[in-house]
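If you want the building blocks of each chain, they are given just below.
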Amino acid sequence: MRRDKYIYIGLDLHKFQHTAVILDCWHEKLGEMTFQNKPSIFPSLSEYVNSYLSEGLTPVFGLEDVGGYGRDLALYLIERGYIVKFVNSSLSNAERNSYAMTEKNDSWDAQCVARVLIRDLPYLPEATPSDIHWIIAQLVGRRNALVKTQTALKNQLHMQLNYHYPSYKEFFSEVDGKTALAFWESYPSPSHLGGKP
């Protein structure tokens with residue numbers, strides 16, 4: 001594989017915007033572009049990259065994240081026939097840390113991804129965003145958020161009950177069971193018992 005047949009586009013991906021840095025095989029920076037993370041803007045990246053292509057050169061893109069913020073961009077590039085590689089973040093991080101003066105900004109991060117592309121192109125896996133994995137990740141994230149919210153609400157209920165019914169644990173084995181919840185709704189404080197046994 002001849003490395004001089006490609007230009008290398010490293011991408012630093014974020015929620016609202018991405019940064020692309022284009023390098024040649026000698027690590028010379030050809031260009032840089034920051035663009036919004038919107039599918040309607042992605043064609044402008046293609047146009048920008050194509051402006052650096054001369055005869056015989058092929059663009060190859062490197063993305064650290066093809067399942068989250070970079071998923072839509074990866075799908076866009078793959079659908080248009082571009083070579084898209086997945087660059088593990090540990091590789092780009094090692095590249096960044098290999099310099100005496102380490103920087104931390106979007107441009108440098110994208111450049112480190114491109115440098116990994118140049119060095120390891122034959123060994124990097126193809127980017128293959130999987131809908132099933134993305135859907136599962138979304139569901140797991142949603143479930144985790146619901147569990148966290150439920151735990152917070154249950155803790156608030158315990159705290160409020162402790163103020164009004166300090167010995168409530170002796171009455172109900174499950175504080176959020178149907179019977180207990182019906183009781184708390186009818187008698188939110190001892191004053192509502194009105195002399196009931």
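Above: the structure in question.
Throughout what follows, the structure given in this document is the object of discussion. (Residues numbered from 1 in each chain as written. Predicted model: local features only at pLDDT ≥ 70, side-chain atom pairs only at ≥ 80, totals over all residues. Heavy atoms only, no water.)

**Section: the pairing of strand β5 (residues 83-86)**
Threshold: Any two strands with at least two DSSP-identified bridges between them are counted as paired. Helix and strand definitions follow DSSP, with helices as H or I runs of at least four residues and strands as E runs of at least two, each counted in order from the N terminus. A clockwise course of the path from the first strand over the helix to the second, judged with the strands pointing away from the viewer, identifies a crossover as right-handed.
Bridge count for strand β4 (residues 58-63) against β5 is four bridges, and the pairing is parallel. Considered in β5, the bridge of F61 is made with V84. Tracing the backbone out of β4, into helix α2 (residues 71-79) and back to the parallel element β5 gives a crossover that is right-handed.

**Concerning unusual backbone geometry**
Operational definition: Buried, partly exposed and exposed residues are distinguished by accessible area as a fraction of the type maximum, computed with a 1.4 Å probe on protein chains only: under 20%, between the cut-offs, and over 50%, respectively.
One non-glycine residue with positive phi stands out, namely H27, at about 70°. By the secondary structure assignment, H27 is in the loop between β2 (17-23) and β3 (29-36). Exposure remark for H27: the relative accessible area of 31% places this residue in the partly exposed category.

**As for the pairing of β3**
Across seven bridges, the pairing between β2 and β3 is antiparallel. For H18, the partnering residue across the bridge sits in β3 and is F35. Counted along the chain from β2 to the antiparallel partner β3, the turn is five residues long, and its residue H27 has a positive phi close to 70°.

**Description of the environment of D72**
Put simply, the rule reads: Whether two residues are in contact is decided by their heavy atoms: any pair within 4.5 Å suffices.
Turning to its location among the elements, D72 is positioned in helix α2. Leave out the neighbours within four places in its chain, and D72 touches P39 and F42.

**Quick notes on the nonpolar core**
Test applied: What makes a nonpolar core is a set of buried Ala, Val, Leu, Ile, Met, Phe, Trp, Tyr and Cys residues whose side-chain atoms join them at distances within 4.5 Å.
Ranked by internal contacts, the top residues of the largest apolar core, which has 21 residues, are L11, L45, F61, L63 and L73. Those elements giving two or more residues to this core turn out to be β1 (6-13), β2, β3, α1 (42-50), β4 and α2. The residues contacting F61, other than those within four sequence positions of it, are I9, L11, L45, V49, L77, Y82, I83, V84, K85 and L117. Listed in part, the 15 residues of the second largest apolar core include Y6, Y8, A114 and L117.

**Some details on the pattern of salt bridges**
Selection rule: Any Lys or Arg side-chain nitrogen found within 4 Å of a carboxyl oxygen on Asp or Glu counts as a salt bridge.
Summed over all chains, the structure comprises eight salt bridges. Ionic pairing is found between E79 and R80, a salt bridge with its closest N-O pair at 3.6 Å. According to the relative accessible area criterion, E79 is exposed, its value standing at 63%. Put simply, K85 and E126 hold a salt bridge, and the shortest N to O gap is 3.0 Å. Residue K85 is found in strand β5, and its partner E126 is found in the loop between α4 (106-120) and α5 (131-164); the two are separated by 41 residues along the sequence. According to the relative accessible area criterion, K85 is buried, its value standing at 8%. Relative accessible area serves as the criterion here: at 47%, E126 is assigned to the partly exposed category. Members of the salt-bridge network, linked through shared partners, are E95, R119 and D120.

**Examining the packing of aromatic side chains**
Aromatic ring pairs are reported here in terms of the distance separating the ring centres and the angle at which the planes meet. For clarity, the cut-off: The criterion for an aromatic pair is that two Phe, Tyr or Trp rings (for Trp, the six-membered ring) have centres within 6.5 Å, with stacked assigned to planes under 30 degrees apart, edge-to-face to planes over 60 apart and tilted to the rest.
Evaluated as defined, the whole model comprises seven aromatic pairs. With centroids separated by 6.2 Å and ring planes inclined at 50°, the aromatic side chains of Y6 and Y8 adopt a geometry described as tilted. Judged by relative accessible area, Y6 falls into the buried class, the value being 16%. Ring centres 5.1 Å apart and planes at 75° place the aromatic pair F61 and Y82 in the edge-to-face group. Taken as a pair, F61 in strand β4 and Y82 in the loop between α2 and β5 lie far apart in primary sequence, 21 residues in all. By the burial criterion, F61 is buried, and Y82 matches it. Grouped by ring-pair contacts, the aromatic residues F35, F42 and Y76 constitute a single cluster.

**Here's the deal with α1**
Here is the rule we go by: The reported arc concerns the directions from the helix axis to the C-beta atoms and nothing else.
Within α1, burial applies to F42, L45, S46 and V49. Seen end-on, α1 carries its buried residues on one side only, within an arc spanning 100°. Those residues of α1 that are buried lie in contact with β1, β2, β3, β4 and α2.

These results come straight from atomic positions and should not be treated as a statement about function.
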